[in-house]
Amino acid sequence: QVQLVESGGGLVQPWGSLRPSCAASGSIFSINAMGWYRPAPGKERELVAHMPDGDRPNYADSVKCRFTISRDNAKNTWYLQMNSLKPEDTAVYYCNALVITTLGGRGVWGQGTLVTVSS
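Just so it is clear, the model here is predicted, and its values are computed rather than measured. (Residues numbered from 1 in each chain as written. Predicted model: local features only at pLDDT ≥ 70, side-chain atom pairs only at ≥ 80, totals over all residues. Heavy atoms only, no water.)

1. Remarks on the state of the cysteines
Here is the idea: a disulfide is a covalent bond, and it sits between the sulfur atoms of two cysteines. Here is the rule: By definition, disulfides here are pairs of cysteine sulfur atoms that lie within 2.5 Å. Helix numbering and strand numbering both begin at the N terminus, where a helix is a DSSP run of H or I of at least 4 residues and a strand a DSSP run of E of at least 2. Between buried and exposed lies partly exposed: a residue is buried under 20% and exposed over 50% of the maximum accessible area for its type, with that area taken using a 1.4 Å probe on protein chains only.
For the structure on display, the rule yields one disulfide. One disulfide in the model links Cys22 with Cys95; its S-S distance is 2.0 Å. Of note, the bridge from Cys22 to Cys95 carries an S-S torsion of about 50° and is right-handed in sense. Remark: Cys95 occurs in strand β9 (residues 91-101) and Cys22 occurs in strand β3 (residues 21-25); sequence separation between them is 73 residues. Comparing Cys22 with Cys95, the two get one shared label, buried.

2. Considerations on the nonpolar core
Selection rule: Nine residue types can take part in a nonpolar core, namely buried Ala, Val, Leu, Ile, Met, Phe, Trp, Tyr and Cys, and a core is a set of them joined through side-chain atoms within 4.5 Å.
Counting 30 residues, the largest nonpolar core has Trp36, Trp78, Leu80 and Tyr93 as the members making the most contacts within it. Of all the elements in the fold, those that place two or more residues in this core are β3, β4 (30-40), β5 (43-52), β7 (67-72), β8 (77-82), β9 and β11 (113-117). Examining the composition of this core, we find that five residues originate from one element, β9, more than from any other.

3. A word on the pairing of β4
Put simply, the rule reads: Think of it this way: DSSP has to see at least two bridges between two strands before they count as a pair.
Across the 11 residues that make up β4, a large majority, eight, are buried. Two elements, β4 and β9, share seven bridges in a ladder whose sense is antiparallel. By the bridge assignment, Gly35 is partnered in β9 with Asn96. Both β4 and β5 contribute to a ladder of seven bridges, which runs antiparallel. The residue of β5 that forms the bridge with Ala40 is Lys43.

4. Overview of the sheet that holds β8
Our working definition: Here an axis means a line fitted to C-alpha atoms, over the contact stretch when the element is a helix, while the angle between two N-to-C directions is reported on a 0 to 180 degree scale.
With antiparallel pairing, the four strands of this open sheet are ordered in space as β1-β3-β8-β7. The open sheet has two edge strands, β1 (3-7) and β7, and neither has a second partner. Pairwise comparison of adjacent strand axes, ignoring direction, gives a mean angle of 15° for this sheet. Of the strand pairs in this sheet, β1 and β3 are connected by five bridges, and their pairing is antiparallel. Across the sheet, Glu6 pairs through a bridge with Cys22, a residue of β3.

Here's what the structure looks like:
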């Protein structure tokens, strides 16, 4: 069984920074892509940042130049460096990964980590 566990959310003032992380555990052969999502009006979740394996990351227009996704393959962990945070960034952030196991590939979601931007 594969699990994703997020951490690193919290309360931060506007223009501050946070760096949530997402750690994958279980019987993992490889992780082909990972990303971060948050709820959005009219959608269940919107993509915030996405990193396909071996390809360039892509970002929602609202976070470009402020957020950066990165990964540590040795730890099966990825991060979302969030800078210049705005109140409208307040949300529960969910990590997602396309994980390859001996049984094949499947998408997995974390439980979410709350980011609150407020003075």
